[in-house]
Structures are given as structure tokens and as C-alpha cells.
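Results of the structural survey
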Amino acid sequence: SQTIHQWPATLVQPVGSPLSLECTVEGTSNPNLYWYRQAAGRGLQLLFYSVGIGQISSEVPQNLSASRPQDRQFILSSKKLLLSDSGFYLCAWIGSENHNGYTFGSGTRLTVV
Amino acid sequence: AQTVTQSQPEMSVQEAETVTLSCTYDTSESDYYLFWYKQPPSRQMILVIRQEAYKQQNATENRFSVNFQKAAKSFSLKISDSQLGDAAMYFCAERAGNMLTFGGGTRLMVKP
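Summarised in this report is the structure supplied together with it. (Residues numbered from 1 in each chain as written. Chains lettered and ligands numbered in written order. Predicted model: local features only at pLDDT ≥ 70, side-chain atom pairs only at ≥ 80, totals over all residues. Heavy atoms only, no water.)

Before going further, it helps to spend a moment on the overall build of chain B. Along chain B, the regular secondary structure elements total zero helices and twelve strands. In sequence order, chain B lays out its α and β elements as β-β-β-β-β-β-β-β-β-β-β-β. Taking 2.2 N^0.38 as the reference for a compact globule, 112 residues should give roughly 13 Å; the C-alpha atoms of chain B span a radius of gyration of 13 Å, in line with that estimate. When the 112 residues of chain B are sorted by exposure, 48% land in the buried category. Put simply, of all contacts in chain B between residues at least 6 apart along the chain, 53% involve residues at least 24 apart. As displayed, chain B offers around 5,400 Å² of accessible surface, 46% of which is attributable to carbon and sulfur atoms. (Helix = DSSP H or I, 4+ residues; strand = E, 2+ residues; numbered from the N terminus. Rg over C-alpha atoms; globule rule 2.2 N^0.38 Å. Buried < 20%, exposed > 50% of the residue type's maximum accessible area, 1.4 Å probe, protein only. Contact = heavy atoms within 4.5 Å. Areas by Shrake-Rupley, 256 points an atom, 1.4 Å probe, with all protein chains shown as cover.)

Here's what the structure looks like:
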């Protein structure tokens, strides 16, 4: 069965520090991968998506970047965090061979102080 | 481009009663799929129900059912016999290709 792992669950980082959030998928190959951000009580904002290794599409120009070094690994990074980067980050995957919805990771709650 | 609209930011329901959450969408795709997700206080996104656009029959999952009106591009979620554990944010979404477009969400409160 397919599973998705996302870590860390909670992170408190000072302004100006770097960020690395990781997401891995098991039990499938060549998944489409997505990073979303959600402000408290708000909707989902698509940040990045990837259809394959090294292929990254950015939806919102900002202080963040994404990378996909392996087929089932998706990393969200920042060189210098801003206060506005605080939020809840969700990783998700979808398979091209089915018509299901996203399967989401459990999320990372990031607080920039 | 696809758009999904949830016109009810908040809804409340009495425990054991029935509530309907509204969703409309706009798409130029002929082949698409619709979903409702639940996000409880833990913030884990949980798939509640799925509807294929080519199917006329409304999807049902236990106490959850949809009213899919394709011509009107409407996809509402009905929760019967509401329980305290149903309190959550609910998101409607449309899949076209390999991308989901989400509505802004509806917060459902369940009163004991």
C-alpha cells in the first residue's frame, strides 16, 4: 500500500535561519508531488509541484524553493526564513494511473519567531 | 482554469441532525473528478467522498452523500446523523489532469 511521510511535525525557527522540510512516498513510483501552505483557518495555497525527478514548477514566487532529488522524495527549503513563512505545510501525492484525489502527509506546523 | 467555490465559510448543525455543505465549480474539462476532504483539528486532510463526473449516480459513504448536479456544476455534501467528530473544515476539490483545485473551505461546528 502507498504511504506518505512528512517531517518534522512541528518546527520553531528564528527569522533568517534556513529551512528544510522533507516528504517521501512509499509503495508507488513516479508520483506527482505537491507542496501546499495553509494559514490558520484558511484554504490551501499551492506552492510547488513536481511531475518527475528534477522537475519543479513554482506557483507562487516567494522565499521558498523545492527540489526532487529522488523519484519519491520532495524537499521544501528556504535559505533565510521570514516571519511570513509561518504556517502549516502539507505535502501530497497523486498517481497518474488512477483517478483518485491527493493523499496528504500529516503536515508540518512551522512557526518563525 | 478551474475554479471551486464554497459559499459558506461556516455552518453549524445540531448533533444527530442533517447538514448540507455547498460547492460549485467551473471547468472546461469533460473528464474530471470531484472530492470532499475533511480537515479536523489535527489538520490531517482526510478524503471523505469521491464522485466521477461521468457517473450520474450520486456517491455515498455511510453517513456522507453528495448531490451532484453536473449541468449546474454543483457538488454538495450531505452529512446525516451528525456527530461531534464531524466538526472540522471541509474542502471541496476538483481534479482535472493531475492537479486538484480546492475551494476555500467550510468550517462545520456540531452542537451537542
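Opposite the 26 residues of chain A that make contact, chain B presents 17 residues. Overall, the association of chain A and chain B removes approximately 1,800 Å² of surface from exposure, summing both partners, and the carbon and sulfur fraction of that is 51%. Its largest share of buried area at the contact with chain B, chain A owes to A:His99, A:Tyr102 and A:Phe104, together 30% of the area lost on that side. Linking chain A with chain B are zero salt bridges, by the criterion used here. (Buried area = accessible area lost by both parts, 1.4 Å probe. Salt bridge = Lys/Arg side-chain N within 4 Å of Asp/Glu carboxyl O.)

The subject of this paragraph is the state of the cysteines. By definition, a disulfide is the covalent link that joins the sulfur atoms of two cysteine residues. Applying the stated criterion to the full structure yields two disulfides over all chains. The partner cysteine of A:Cys23 in its disulfide is A:Cys91, sulfur to sulfur 1.9 Å. Between A:Cys23 and A:Cys91, the disulfide has an S-S torsion of -75° and is therefore left-handed. One end of the pair, A:Cys23, is in strand E3 (residues 19-26); the other, A:Cys91, is in strand E9 (residues 87-94), and 68 residues separate them in sequence. Through a disulfide, B:Cys23 is tied to B:Cys92; the S-S separation comes to 2.0 Å. Where B:Cys23 bonds to B:Cys92 through sulfur, the torsion about that S-S bond is close to -70°, and the disulfide is left-handed. On the criterion of sequence distance, the pair formed by B:Cys23 in the loop between strand E3 (19-21) and strand E4 (24-26) and B:Cys92 in strand E10 (residues 88-96) is long-range, its members being 69 residues apart. Summarising the burial analysis for this pair, B:Cys23 and B:Cys92 share the class buried. (Disulfide = S-S within 2.5 Å.)

Attention now goes to the pattern of salt bridges. Residue and element names in this part refer to chain B. Tallied over the full model, the rule gives six salt bridges over all chains. Residue Asp26 pairs with Lys73 through a salt bridge whose shortest N-O separation is 3.3 Å. Of the two residues, Asp26 sits in strand E4 while Lys73 sits in the loop between strand E8 (64-69) and strand E9 (74-79), which places them 47 residues apart along the sequence. Assessed through its relative accessible area of 26%, Lys73 is described here as partly exposed. Arg63 is the partner of Asp86 in a salt bridge, and the nearest nitrogen-oxygen pair spans 2.8 Å. Placement of Asp86 in the loop between E9 and E10 and of Arg63 in the loop between strand E7 (60-61) and E8 is noted, with a sequence separation of 23 residues between them.

Residues and elements named next belong to chain A. Here the bond from Trp7 into Pro8 is cis, since omega is 0°, no more than 30 degrees from zero. Its location among the elements puts Pro8 in the loop between strand E1 (3-7) and strand E2 (10-13). Residues other than glycine seldom take positive phi values, yet Asn30 does so here, at roughly 50°. With respect to the element layout, Asn30 can be found in the loop between E3 and strand E4 (32-38). Judged by relative accessible area, which is 45%, Asn30 ranks as partly exposed.

Residue and element names in this part refer to chain A. The strand order across the open sheet built from four strands is E1-E3-E8-E7, with neighbouring strands paired in antiparallel fashion. Of all the strands in the sheet, the pair left with one neighbour each is E1 and strand E7 (65-70). Pairwise comparison of adjacent strand axes, ignoring direction, gives a mean angle of 20° for this sheet. Two elements, E1 and E3, share five bridges in a ladder whose sense is antiparallel. Bridge pairing links Thr3 to Glu26 in E3. (Pairing = 2+ DSSP bridges. Axes fitted to C-alpha atoms, helices over the stretch in contact; angles between N-to-C directions.)

Residues and elements named next belong to chain A. With six of eight residues buried, E3 lies mostly within the body of the structure. One ladder, built from six bridges, connects E3 with strand E8 (residues 73-78); its direction is antiparallel. From the neighbouring strand, Ser20 faces E8, where its bridge partner is Ser77.

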